[in-house]
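# Analysis of the macromolecular model
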Amino acid sequence: MDQLDKYIQDIVSQKITEPDDLEEIMLNAIHTAKGKKRIRRYKITRAIITSVTTIIITAGVGVAGFIAYDKIWKDPEKYTYEEIQETIAEGNNVGEVENLITEETAKQNATTIMNNLGYNNETIKSITLQKDINNNDKPFYVIRTGSNENEGIVITLNGSTGELNSFTNNEFNNINVKEIEISNDQAKEYSEQIIENIGFTEKEYKFTECSKQQITSNNQIKNVWVAKYYKLYDGIYNPYEVLTNNFVISDNKIEISSIVETSDGTYDNNPTVITQEEATQIAINKEKELTSREIESTSSEIGIRKMNSYIYQLENNIDNTNGDSRNKANTIATELKIRKVWMVKIIHTNFTKDLNKLDTNEVLKSTDKIYYIDITTAEILGGEEIIEGGN
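Residues numbered from 1 in each chain as written. Predicted model: local features only at pLDDT ≥ 70, side-chain atom pairs only at ≥ 80, totals over all residues. Heavy atoms only, no water.

### With respect to the sheet that holds strand β6 (residues 205–217)
What counts is decided by this rule: Strands pair, by our definition, only if DSSP identifies at least two bridges between them. Each helix is a run of H or I in the DSSP string that is no shorter than four residues. Each strand is a run of E no shorter than two, and both are numbered from the N terminus. Axis geometry follows a simple rule: fit a line to the C-alpha atoms, using only the stretch in contact for helices, then measure angles between N-to-C directions, giving values from 0 to 180 degrees. Note on contacts: a residue pair is in contact if any heavy atoms of the two residues lie within 4.5 Å.
Taking strand neighbours across the sheet as the criterion, the eight strands line up as β2-β3-β4-β5-β9-β8-β7-β6 in an open arrangement whose pairing is antiparallel. Each edge of the open sheet is held by one strand with a lone partner, namely β2 (126–132) and β6. Pairwise comparison of adjacent strand axes, ignoring direction, gives a mean angle of 25° for this sheet. Two elements, strand β8 (residues 236–250) and strand β9 (residues 253–263), share ten bridges in a ladder whose sense is antiparallel. Pairing of I249 across the sheet is with I254, part of β9. Along the sheet face, helix α7 (residues 103–116) touches β2, β3 (138–144), β4 (153–158) and β5 (164–169) and points at about 125° away from the line of β4. Against the sheet, helix α8 (residues 184–197) makes contact with β6, β7 (220–233), β8 and β9, and its axis sits at roughly 105° relative to β8, the strand it touches most.

### Side note on the packing of aromatic side chains
Which entries qualify depends on this criterion: Planes of paired rings set the category: under 30 degrees apart is stacked, over 60 is edge-to-face and the rest tilted, where pairs are Phe, Tyr or Trp rings (Trp by its six-membered ring) whose centres lie within 6.5 Å. Throughout, exposure labels follow a simple rule: accessible area from a 1.4 Å probe, protein chains only, divided by the maximum for the residue type, with under 20% read as buried, over 50% as exposed, and the rest as partly exposed. Note on criteria: charge over ring means Lys NZ or Arg CZ within 6 Å of the ring centre, with the direction from the centre no more than 35 degrees off the ring normal.
In this structure the tally under the stated criterion is five aromatic pairs. Taking 5.5 Å as the distance between ring centres and 70° as the angle between the ring planes, the aromatic pair formed by F207 and Y229 counts as edge-to-face. Taken together, the positions of F207 in strand β6 and Y229 in strand β7 put the pair 22 residues apart, joining distant regions of the chain. Since its relative accessible area comes to 26%, F207 is described here as partly exposed. With 5.1 Å between their ring centres and 15° between their planes, Y230 and Y237 make a pair best called stacked. Taking the relative accessible area as the measure of exposure, Y230 reaches 24% and is therefore partly exposed. It is K222 that lies over the ring of F172; its NZ or CZ is 4.7 Å from the centre.

### Observations regarding the confidence of the model for the protein chain
The condition that has to hold: Known as pLDDT, the predictor's confidence for each residue is given on a scale from 0 to 100.
Of all residues in the protein chain, 67% attain a pLDDT of 70 or more, and the chain-wide mean is 76. Ranking the elements of the protein chain by mean pLDDT puts helix α5 (residues 64–74) last with 33 and strand β14 (residues 369–374) first with 97. Below pLDDT 50 for its whole length, residues 1–76 participates in 82 contacts with residues either more than four positions away or in separate chains. Low confidence marks residues 91–95, where pLDDT is under 50. Its contacts with residues over four positions away, or in another chain, come to nine contacts.

Structure representation (structure tokens):
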């Protein structure tokens, strides 16, 4: 235990009396304009609340549970669309970051990737370090072989690991393609060859689809193959981490348009604590709160999902089924963290009640649905409606 830990322990070990306005003071401090901007920027709202409430719990104050659960998970913070846009538009400066690979290493990695993909005669002309404001400000290198952003090859690499984030060939539109006809299975084989050449394997990514799209460039129609993969964690696919290859086959040669790895949020890889039976019961209990409709069957499996406001909206009679959320006064903002969950599917018996006698919220609450139950904390992280013919 370091000096700071001991200092905090000494403070919170003293029994204190909860002031009547403690909750208001804490929430006001967190929701000041300056506070909200910093919290949104660094995506640490829950960390701040959790730290504060941990101290309060230790000190014997009884409001911790309300703040830690209702104000973060059950009652997501609401921001106007303009506030969200302002956050996205914040600066792109990279400060000092530990464990970054050097520029020289980044250049070597980029050269190796280009050589492995068959682009052997490229010369790197520039390299810059930036941060991804949509992914926890993670730093990345941008390596260019062209004199400007619309020329040559552009490669982005993870600033800490040196792994490929994206490969873009700006000269693709200028390529005169002598296309050969190939099947979907053959296209998949070519795509897997690309994956291997950039250092990824099928054990790391699950193939999902390979389709052909037509594009027109320089008055020439090109049939571009688009192959998509999901990132795997312990055999479970993460639908928010997607690797996409775009390429054509010309004279038995692979001409690559782009390779892009996208990540929509941060995956926690949280440990399994909650059993399947416990998760199922949590979902059943909540479903009985929402509707009196009889449950016919349940089933569950482990998946990777992001928190959403679906169950929250049902609980609070919020109907966001119509219209563009950007045009609404407020948008419900949830954390970007992605976690392992029990996906508990609940199917009801035939709905015998007269639907015309029910309001919209009652109908929505009574639908068959899937609950996302956090596999570590047992919290309901959201869910989805089961559409007939899907899931």
